[in-house]
Each structure stands twice: as structure tokens, then as C-alpha cells.
Amino acid sequence: MKLIQILVGTLVVIATVAALLIAGLGEPVRMAETERAQQARSIQTGASVYETYCTGCHGLKGEGIPTVAPALNSPQFFTQRLKEIGYTGSLRSFIESTVAAGRPSNTQYSAKMPTWSQQFGGPLRPDQVRDVTSFILNWEKTAGTQPLPTPGPTATPLPSTASPEEQGKAVFLADKTACKACHTIDTEPSAKGLVGPNLTHIGTEAGTLVAGQSAGDYIRASIVNPNAFIAPKCPTGPCTANVMPPTFGQQLSQQELDNLVAYLLSLK
Ligand code: HEC
Ligand code: HEC
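Keep in mind that what you see is a predicted model, and the values were worked out from it rather than measured.

*Asks:* What's the story with the coordination of the iron atom of ligand 2 in this structure? I'm lost.
*Replies:* The iron atom of ligand 2 binds to the protein through H183 (NE2) and M244 (SD), with metal-donor distances spanning 2.0 to 2.1 Å. One can describe the donor arrangement at the iron atom of ligand 2 as octahedral, given that its six donor atoms subtend angles of 87 to 179° at the metal. With a gap of 61 residues between them, H183 in the loop between α8 (179–182) and α9 (202–205) and M244 in the loop between β2 (237–238) and α11 (248–251) connect regions that are remote in the sequence. On the accessibility criterion, M244 (26% relative accessible area) is partly exposed.

What follows is the structure, given as C-alpha cells:
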């Protein structure tokens, strides 16, 4: 009886040690698998962040829009960009910090890269900044090997005999303002941005948002001083400050601004 107990006891110990050993050996494999799965999830989540916030300026597939914003899905971006500007960190940290903090206005592009992370007043959480970065980095393998959409033709300026509303609409739809990259107007096929409020009925809504401010004054203030009043409702939740570029007051002529206000006022 004693002997059997000892035997069983020994077998149990051997089995336990063997099980622990096998589990231990499998650990690195499992960790690598978990990491791969996490990476795949991050890229997937990043794709939807990109679609909502970035396509308007950088294009559906990262092809860029000439004069508006640079291509990100290009071999130059992956192999030359860091050298060009003398950045010594990793490409991941370059992308993450650019997305998080944005870029001040520049002379090469008409649009301004907004500040995106909550840390700097934008709409994205740190994990969303990391995810959209994973999504962009995932282009590296195929950059330059796949045909990308060619950006559509830029709107041609209207003759000055057009009505102020029509001229204002042309300003709104022009690549140089990128209004359409961030705002949707239901009746405008090219204005399908999901970053800022839907402006389909702004002519009516504008008069109801700030006590004592007429619709026209509200719209004008929203364009030249976007942080003075933060609109309540954006497509993905409450709007945040520092996303709409604050530079349109300098960028647009008085005439363009007047026409733009006239156009938005006409959207009832
Ligand atoms: C309103 C237009 C606009 C939107 C929307 C926008 N960007 Fe940008 N982005 C720009 C412009 C313009 C630049 C170039 C700025 C410069 O060179 O000074 C830029 C630069 C960048 C760069 C650096 C590229 C380089 O070669 O240096 C990255 C990375 C980037 N954007 C990622 C994003 C991501 C990710 C999103 C979405 C979360 C986004 N951008 C949304 C306009 C935009
Ligand atoms: C990079 C994205 C972006 C661009 C480009 C942009 N906007 Fe905006 N816009 C926003 C966001 C986000 C808000 C909401 C936060 C706020 O009120 O500042 C907003 C708010 C507005 C509002 C107030 C809407 C409301 O419901 O109260 C108006 C009007 C407006 N934008 C017009 C324009 C016009 C006109 C242009 C082009 C000259 C433009 N925007 C370019 C992101 C953008």
C-alpha cells in the first residue's frame, strides 16, 4: 500500500513538472502570436480612425492631394522623409508625434495638419493615435507597388459674375481651404468630411447656438476664430477645440470670406 502511494505521488510530481516545462517552452511562441494578433487589431482599428479623420486631406489610400496635403503611402515617405528633415528617432515616433501635435501652418500646402491628440486638445485618445500610426506603417511593405487613386481635378474658380453664394460654394469646395475634407454637406457629393459638424442646415442652426449672435455673425466667427465657441455636435461625438484650423482669417480675402458666409447662410 505504502509503495503504491509513493509511486502515485512520484508520477504526479513528474507529470506536473512535465506540464510546466511544456507550458514554459510554448510561452515565447504564444507571446509572439498574441503580439501579432494585437498588431493586426491595432491596424484594423487604425483603418477606421484614418477613414474618419484623415482621408479628406491625405486621400482614401494615403495618395495625398496635391497642394492640400502630402502623400503618406509612398516610398519617399518611408525611405527619405526622416533623412530629409534630419529626424533621428524612429518612423513610428515621427508619425505619432506629428499626428498628436499637428504642424503649424506651412507654405507648401494650403491645409494645416491639425493637432489630433486629446493631450493637445484634439479628438483622439493615445491608443487611437498609436492605431492610426500602425495603419500607416502597414503601407510600408506595399508602398509604390500598388496603383493608387489619382486625386480628382481641382475646382476651377468661377467668373466673378456668379452670385456671392455660388462663389462662396466654390471657396468651400476648393482644395485650398479643405473645408470639404472635414465637413459634410448632404447635397454636395464632394463634401463628405466626418471631422467637423455636418453643415447641411447651418444657415438655420447658426442663429440658435450663441445667445445674441445672428446666424451670419456666428458663421463668420466660426470660420475666423473657431476656438471662440466650440460647436456641440461632431459626427463621432462632441466636437473638440484645435481641430479646425484657426488661420482662415489670414488665408482668405475679405471677399472670399463674405461669399463663404453668404453660401453657408443659404444652407437652410
Ligand atoms: C485638414 C487637412 C489634414 C487632415 C484632416 C490631416 N492632415 Fe496630416 N497633414 C496635413 C498637411 C498640410 C501636412 C503637411 C504639413 C507640413 O509639411 O508642414 C500633413 C502632414 C502629415 C504627416 C507628416 C507627413 C510628412 O511627410 O512629414 C503625417 C504622418 C500625417 N499628416 C498624418 C495624418 C493623420 C494620421 C491624419 C488623421 C488623423 C491626418 N494627417 C489628417 C493635412 C491634414
Ligand atoms: C481639419 C478639419 C476642419 C477643416 C479643414 C475645417 N473645419 Fe470647420 N470645423 C471643424 C471642427 C472640428 C468644428 C467643430 C469645433 C469648433 O467649433 O471649432 C468645426 C466647426 C465649423 C463651423 C461651426 C459649425 C456648427 O455646427 O456650429 C463652421 C460654420 C465651419 N466649421 C466652417 C468651416 C469652413 C467654411 C471651412 C473652410 C474654410 C472649415 N470649416 C474647415 C473642422 C474643420
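Having seen the structure, we can now continue with the description.
*Asks:* Mind showing me how you'd approach the coordination of the iron atom of ligand 1 here?
*Replies:* Six octahedral donors at a metal ideally form angles of 90 or 180 degrees, and four tetrahedral donors ideally form angles of 109.5 degrees. Bound to the iron atom of ligand 1 on the protein side are H58 (NE2) and M113 (SD), at distances that span 2.0 to 2.2 Å. In this structure, the iron atom of ligand 1 is coordinated by six donor atoms arranged in octahedral fashion, with angles at the metal of 89 to 178°. Residue H58 is found in helix α2 (residues 55–58), and its partner M113 is found in the loop between α5 (91–101) and α6 (126–137); the two are separated by 55 residues along the sequence. According to the relative accessible area criterion, M113 is buried, its value standing at 19%.

*Asks:* Just checking my understanding: could you explain the nonpolar core for this structure?
*Replies:* One broad rule of soluble globular proteins: the nonpolar side chains tend to lie buried together. The biggest cluster of nonpolar side chains holds 25 residues, and the ones touching the most others in it are F77, V99 and W116. Elements represented by at least two residues in this core include exactly α1 (2–53), α3 (75–79), α5 and α6. Two domains each provide a minimum of three residues to this core, namely domain 1 (49–137) and domain 2 (164–265). W116 has contacts with Y53, V99, A100, G122, P123, L124, V195 and V243, leaving out every residue within four places of it along the chain.

*Asks:* Teacher, can you tell me more about the state of the cysteines here?
*Replies:* Counted according to the given criterion, the structure contains one disulfide. Disulfide pairing is shown between C234 and C239; the S-S distance is 2.1 Å. In this structure, the disulfide formed by C234 and C239 twists by about 100° around the S-S bond and is classed as right-handed. For the pair formed by C234 and C239, the shared burial category is buried.

*Asks:* Please explain the packing of aromatic side chains as it appears in this structure.
*Replies:* Both the distance between ring centres and the angle between the ring planes are used here to describe each pair of aromatic rings. Scanning the entire structure with this criterion turns up nine aromatic pairs. Geometrically, the ring pair formed by Y50 and F135 is tilted, given 5.4 Å between the ring centres and 45° between the ring planes. Of the two residues, Y50 sits in helix α1 while F135 sits in helix α6, which places them 85 residues apart along the sequence. Overall, F135 belongs to the buried group, its relative accessible area being 15%. With a centroid separation of 5.6 Å and 75° between ring planes, the pair formed by Y218 and F229 is classed as edge-to-face. Taken together, the positions of Y218 in helix α10 (residues 215–224) and F229 in the loop between α10 and β1 (233–234) put the pair 11 residues apart, joining distant regions of the chain. Since its relative accessible area comes to 34%, F229 is described here as partly exposed. Taken together, the ring pairs in this structure connect F77, F78, Y87 and F94 into an aromatic cluster.

*Asks:* Teacher, can you tell me more about the site of ligand 2 here?
*Replies:* The environment of ligand 2 is made up of 28 residues, and the closest members are C179, C182, H183, Y218 and M244. Between H183 and ligand 2, the recorded distance is 2.8 Å, taken from a side-chain N or O atom to a nitrogen atom. A distance of 2.4 Å separates an oxygen atom of ligand 2 from a polar atom in the side chain of Y218. Per-element accounting of the shell around ligand 2 gives the leading share, three residues, to α10.

Rules and cut-offs
Residues numbered from 1 in each chain as written. Chains lettered and ligands numbered in written order. Predicted model: local features only at pLDDT ≥ 70, side-chain atom pairs only at ≥ 80, totals over all residues. Heavy atoms only, no water. Donors = N, O, S within 2.8 Å, 3.2 Å for Na, K, Ca; no water. Tetrahedral: all angles 85-135°; square planar, octahedral: opposite > 155°, others 65-115°. Helix = DSSP H or I, 4+ residues; strand = E, 2+ residues; numbered from the N terminus. Buried < 20%, exposed > 50% of the residue type's maximum accessible area, 1.4 Å probe, protein only. Core = buried A, V, L, I, M, F, W, Y, C linked by side-chain atoms within 4.5 Å. Domains from an automatic or database assignment. Contact = heavy atoms within 4.5 Å. Disulfide = S-S within 2.5 Å. Phe/Tyr/Trp six-rings, centres within 6.5 Å; stacked < 30°, edge-to-face > 60°. Near = heavy atom within 4 Å. Polar contact = N/O pair within 3.5 Å; in protein donor to acceptor, adjacent residues only side chain to side chain.

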